[in-house]
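Okay, here's what each chain looks like letter by letter:
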Amino acid sequence: MTDGTKQYAVSKTDEQWRAELSPAEFQVLRKAGTERAFTGEYTDTKTVGVYKCRACDAELFRSETKFDSHCGWPSFFAPLAEERVEYITDTTMGMKRVEVRCANCGSHLGHVFEGEGYGTPTDLRYCINSISLTLAPA
């Protein structure tokens, strides 16, 4: 895990990000917000392809690792590769969680949870905001 002070390959000021992202995208990607459950465009998507960071276009997840968790957000059991994401301890909600960020630009993606019993190969659930992603169909 990192402490959130890493230098990123894609580094921009808040003003630059605000110019490129919608207000809702900026709030989630750059300010670690969360979209409302069951409102994201990829929650129930079954399209085969690659999910990329909406802020910098880095490839993050493959559709083959997406599964139905019924939690209200797209869920994956593994990133495309471990070096594509970074993990940061998050205690903002009065509990210890693990935040997932894009390793290329530092944008907030969501959180990862372990040991929930979903029967996936990794026993992990990457709970990712749809607004943090774009889907490139195969």
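The preceding data block contains the structure.
Calculation notes
- Residues numbered from 1 in each chain as written.
- Predicted model: local features only at pLDDT ≥ 70, side-chain atom pairs only at ≥ 80, totals over all residues.
- Heavy atoms only, no water.
- Helix = DSSP H or I, 4+ residues; strand = E, 2+ residues; numbered from the N terminus.
- Rg over C-alpha atoms; globule rule 2.2 N^0.38 Å.
- Buried < 20%, exposed > 50% of the residue type's maximum accessible area, 1.4 Å probe, protein only.
- Contact = heavy atoms within 4.5 Å.
- Pairing = 2+ DSSP bridges.
- 1 Å grid on protein atoms, 1.4 Å probe; cavity = no way out; pocket = protein on both sides within 12 Å on 5 of 7 lines; lining within 4 Å.
- Points joined across faces, edges and corners; volume = space filled by probe spheres on them.
- Nonpolar A, V, L, I, M, F, W, Y, C, P; charged D, E, K, R; others polar.
- Axes fitted to C-alpha atoms, helices over the stretch in contact; angles between N-to-C directions.

Chemist: How should I be thinking about the overall build of the chain in this particular structure?
Modeler: Across its full length, the chain holds two helices and nine strands. Here the C-alpha atoms of the chain give a radius of gyration of 14 Å, agreeing with the 14 Å that 2.2 N^0.38 yields for 138 residues. Taking the principal axes of the C-alpha coordinates as reference, the chain spans close to 40 × 35 × 25 Å. Here the chain holds 138 residues, and the buried ones make up 49% of them. Considering only contacts in the chain between residues 6 or more positions apart, those separated by 24 or more positions represent 54%.

Chemist: I would appreciate a short explanation of the sheet that holds strand β6 (residues 97–102) in the present structure.
Modeler: For sheets, the rule is that strands pair by backbone hydrogen bonds, running either parallel or antiparallel. The sheet built from six strands is open, its strands ordered β3-β4-β8-β7-β6-β5 with antiparallel pairing. Every interior strand has two partners, whereas the edge strands, β3 (66–67) and β5 (85–90), have only one. In this sheet, strand β4 (residues 75–76) lies alongside β3 in antiparallel orientation, the contact comprising two bridges. The partner of phenylalanine 67 across the bridge, within β4, is serine 75.

Chemist: Looking at this structure, I do not really get the pairing of strand β1 (residues 49–53). What am I missing?
Modeler: Consecutive side chains along a regular strand alternate between the two faces of the sheet. With five of five residues buried, β1 is to be regarded as a mostly interior element. Across five bridges, the pairing between β1 and strand β9 (residues 133–137) is antiparallel. Across the sheet, residue cysteine 53 finds its bridge partner in β9, namely leucine 133. The pairing of β1 with strand β2 (residues 59–62) spans three bridges and is antiparallel. Looking at β2, one finds that lysine 52 is bridged to glutamate 59. Between the end of β1 and the start of β2, which pair antiparallel, lie five residues, with aspartate 57 showing a positive phi angle near 75 degrees.

Chemist: Which parts of the structure should I look at to understand the layout of surface pockets?
Modeler: Once rolled over the atoms, a probe with the size of a water molecule shows which space is left empty. For the largest pocket, the calculated volume is near 300 Å³. Surrounding the largest pocket, 16 residues form its lining, Thr34, Arg97, His108, Gly110 and His111 being those nearest its centre. Among the elements of the structure, β6 and β7 (108–114) are those that each provide at least two residues to the lining of the largest pocket. If you tally residues by element for the lining of the largest pocket, the top one is β7, at four residues. Partitioning the lining of the largest pocket into residue classes produces six nonpolar, six polar and four charged.

Chemist: In this structure, what is going on with the sheet that holds β9? I would like to understand it.
Modeler: Spatial ordering of the open sheet is given by β2-β1-β9, a layout of three strands whose pairing is antiparallel. Because the sheet does not close on itself, it has two edges, and the strands there are β2 and β9. Geometrically, the sheet is characterised by an average inter-axis angle of 30 degrees between neighbouring strands, direction not taken into account.

Chemist: Can you help me understand the pairing of strand β8 (residues 124–128) in this one?
Modeler: By the criterion of burial, β8 is predominantly enclosed, with four of the five residues buried. Taken together, the two bridges between β4 and β8 define a ladder with antiparallel strand orientation. Paired with phenylalanine 76 across the two strands is tyrosine 126, which belongs to β8. Two elements, β7 and β8, share five bridges in a ladder whose sense is antiparallel. Each residue of the ladder has a partner; that of phenylalanine 113, found in β8, is arginine 125.

Any functional reading would require information beyond the geometric quantities listed.
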